Amino acid sequence: MDFSPFYQELFSSLNRGLLMSVALIVPSAIGGVLIGITAGCLRAYGNRAVRLLGNGYAAVFRGTPLVVQLFVLYFGLPNLGIYFSPYAAAVTGFILCSGAYQSEYIRGALLSIKRGQYAGAHALGLTHFQTIFWIIIPQAVRRAIHGCGNEIIYLIKYSSLAYIVTCLELTGEGKTVATEYFRFTEVFIIIGLYYLALVTCASFLLKIIEKRLYIPGFGHK
Amino acid sequence: MTSNTPILKAQAIQKSFDGNTILNGVDVVLEKGEIIVLIGPSGGGKSTLLQCINCLVIPDDGQIELEQQPIDFSNKQDLYRLRQQVGMIFQEFNLFDHLTALDNITIALRKVKKLDRNTAEKRARLELEQVGLGEKGDLYPAQLSGGQKQRVAIARALAMDPKILLLDEPTSALDPDLIGEVISVIKNLAAKGMTMIMATHQISLISTLADHILFMENGQIVESGTPKELLAKGNVNKTQGFCDRLNELATGEQ
Ligand SMILES: Nc1ncnc2c1ncn2[C@@H]1O[C@H](COP(=O)(O)OP(=O)(O)OP(=O)(O)O)[C@@H](O)[C@H]1O
Ligand SMILES: [Mg+2]
């Protein structure tokens with residue numbers, strides 16, 4: 001079976017875009033979770049100054065549109081002598097934005113762990129740091145996992161904003177082809193199917209992680 | 001109870017929360033092998049006193065000596081060392097929800113006592129067998145009954161080889177039919193000579209185990225003595241009245 005030149009070009013563009021999307025999403029998701037855990041812990045346990053700093057970070061990155069953040073990173077920072085490649089600007093923006101949301105889930109989970117868990121650990125002679133690291137965080141992560149997974153699903157979709165900083169991923173590549181042939185409806189439906197496939201894969205992976213972390217007493221299998 | 005150097009001495013312990021005095025100059029002297037039972041009305045400060053003794057709650061004032069070593073409340077290392085040597089059993093068990101019964105015991109052995117995993121597991125299995133839960137090591141807290149949870153908590157505390165065990169109403173959160181299994185574990189400990197301070201309203205523990213009874217009210221110890229002294233026939237005092245009421249409750253339930 002032969003594809004028309006339009007479809008040949010569309011699929012080769014979209015496949016290239018897909019690779020770029022995955023290259024954006026994977027480090028952003030991992031970085032977002034790591035920043036989220038760090039910022040979440042600082043916001044839950046830090047002293048006043050640290051808490052203020054963490055809360056400020058979360059407020060700014062949750063309170064402004066991602067488009068604005070990307071613009072500032074890519075077009076604004078060069079004024080200060082800081083230059084990002086399109087890819088680096090996109091990943092940095094995604095990590096910072098996602099980390100702010102993740103920190104909210106992590107902080108909430110940390111604060112939901114009952115005092116008794118701390119008392120039980122301290123009474124055995126565990127230090128405060130050991131208590132948080134070995135007792136509280138493992139429980140908080142399990143409580144936060146649904147929220148964190150949800151945020152990763154969102155990330156997959158807002159990764160399409162990378163085109164703002166001229167980083168061509170799925171949406172950007174598809175749009176180029178659509179403009180060239182003036183066939184928007186088909187192209188965007190196909191792009192939608194690509195995202196659906198991405199999200200389905202991610203959900204599947206998240207399910208596996210949830211299963212591996214499952215412990216009786218923490219949600220359902 | 002013949003040795004006269006106390007293993008633990010808490011003197012003039014003072015604690016307030018939000019301007020309310022909860023402990024107002026409490027003294028406790030505990031000798032090796034001795035069992036002190038704390039009783040008294042709710043809110044009298046029993047839990048707070050127990051938590052002050054192992055510095056889960058830092059006293060505002062007063063002194064604590066463990067084996068003649070005074071504890072410096074502002075020195076974290078001192079507090080960690082004190083807590084390693086003084087085990088605590090809570091009313092609500094406080095098992096770590098994300099760890100199996102076995103790992104609830106091994107975690108402190110590994111992280112605090114720095115034992116390797118194998119040695120820690122061997123010790124943990126031994127302690128679980130001692131409380132009759134040799135088969136339950138792989139279950140999580142959510143899969144255990146209240147009585148089993150409390151027995152795991154006791155095994156967890158004992159694995160640290162504490163010099164003293166503090167028990168805060170160990171049977172109060174249990175269904176009546178689960179109390180017995182925990183009482184028998186505690187009685188076993190007493191028979192082995194464990195040094196304990198226990199807050200309890202369980203009349204069978206008070207009358208059979210106490211070497212010494214402290215009656216706490218409004219943050220102070222208002223009566224103190226051996227069960228013989230306080231509970232002798234015809235005596236009229238708070239301890240007597242309190243125990244009579246507990247007895248009525250106990251017989252009323254059956
Ligand atoms: N962390 C805290 N912050 C404020 N108040 C507290 C705190 N812990 C205890 N209290 C108060 O101290 C008082 C004594 O409490 P405590 O738990 O020591 O009493 P108790 O004798 O153990 O009572 P019960 O028999 O009900 O367990 C209570 O009025 C309680 O509200
Ligand atoms: Mg109490």
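Residues numbered from 1 in each chain as written. Chains lettered and ligands numbered in written order. Predicted model: local features only at pLDDT ≥ 70, side-chain atom pairs only at ≥ 80, totals over all residues. Heavy atoms only, no water.

Draft legend 1. Looking closely at the overall build of chain A. Along its length, chain A carries 8 helices and 0 strands. Projected onto its principal axes, the C-alpha coordinates of chain A cover approximately 70 × 45 × 20 Å. Taken across its 221 residues, chain A has 48% of its residues classed as buried. A separation threshold of at least 6 residues defines the contact pool for chain A, and within that pool the share at least 24 residues apart is 76%. Only carbon and sulfur atoms are counted for the fraction: they give 69% of the accessible area of chain A, which is about 11,500 Å². Across chain A, 17 positive and 9 negative side-chain charges occur, with their mean positions spaced 23 Å apart. (Helix = DSSP H or I, 4+ residues; strand = E, 2+ residues; numbered from the N terminus. Buried < 20%, exposed > 50% of the residue type's maximum accessible area, 1.4 Å probe, protein only. Contact = heavy atoms within 4.5 Å. Areas by Shrake-Rupley, 256 points an atom, 1.4 Å probe, with all protein chains shown as cover. Lys, Arg positive; Asp, Glu negative; His and termini not counted. Charge placed at Lys NZ, Arg CZ, Asp CG, Glu CD.)

Draft legend 2. Summary view of the site of ligand 1. Residue and element names in this part refer to chain B. Neighbouring residues of ligand 1: Phe17, Asp18, Ile22, Pro41, Ser42, Gly43, Gly44, Gly45, Lys46, Ser47, Thr48 and Glu169. Between threonine 48 and ligand 1, the recorded distance is 2.5 Å, taken from a side-chain N or O atom to an oxygen atom. Between glutamate 169 and ligand 1, the recorded distance is 3.1 Å, taken from a side-chain N or O atom to an oxygen atom. Coverage of ligand 1 by the protein chains reaches 60% of its 640 Å² of free accessible surface. Residue contributions to the shell around ligand 1 peak at 3 residues, all from helix α1 (residues 46-53). Of the residues that constitute the shell around ligand 1, the class distribution is 3 nonpolar, 6 polar and 3 charged. (Near = heavy atom within 4 Å. Polar contact = N/O pair within 3.5 Å; in protein donor to acceptor, adjacent residues only side chain to side chain. Nonpolar A, V, L, I, M, F, W, Y, C, P; charged D, E, K, R; others polar.)

Draft legend 3. Broad picture of the interface of chain B and chain A. Contact with chain B, which involves 25 residues of that partner, is made by 22 residues of chain A. At the boundary of chain B with chain A, the tally comes to 0 salt bridges. Elements with a contribution of two residues or more to the side of chain B that touches chain A: α2 (76-85), β6 (86-89), α3 (101-111) and α5 (146-159) of chain B. (Salt bridge = Lys/Arg side-chain N within 4 Å of Asp/Glu carboxyl O.)

Draft legend 4. Focus on the pattern of salt bridges. As enumerated under the stated definition, the model contains 13 salt bridges over all chains in all. The partner of glutamate 173 of chain A in a salt bridge is arginine 16 of chain A, and the shortest N-O contact between them spans 3.0 Å. Taken together, the residues glutamate 173 of chain A in helix α7 (residues 170-181) and arginine 16 of chain A in helix α1 (residues 5-45) connect sequence positions 157 residues apart. In this structure glutamate 173 of chain A comes out as buried when scored by relative accessible area, which is 9%. Look at arginine 16 of chain A and you get partly exposed, because its relative accessible area is 47%. Its salt-bridge partner being arginine 123 of chain B, residue glutamate 127 of chain B comes within 2.7 Å of it at the nearest N-O pair. Here the residue glutamate 127 of chain B and the residue arginine 123 of chain B both occupy positions in helix α4 (residues 117-130), the gap between them amounting to 4 residues, near one helical turn. Glutamate 127 of chain B sits in the buried class, given a relative accessible area of 9%.

Draft legend 5. View of the packing of α4 of chain B against α5 of chain B. All names here are of chain B. Relative orientation of the contacting elements α4 and α5 amounts to 135°, with a least axis distance of 9 Å. Between α4 and α5, the interaxial angle falls into the category oblique. Read as a crossing pair, α4 and α5 show a hand that is right-handed. Residues Arg123, Glu127 and Leu128 of α4 touch α5, and the partners they reach there are Val152, Ala155, Leu158 and Ala159. (Axes fitted to C-alpha atoms, helices over the stretch in contact; angles between N-to-C directions. Parallel < 35°, antiparallel > 145°, perpendicular 65-115°, else oblique. Left-handed = near helix turned anticlockwise from the far one by under 90°.)

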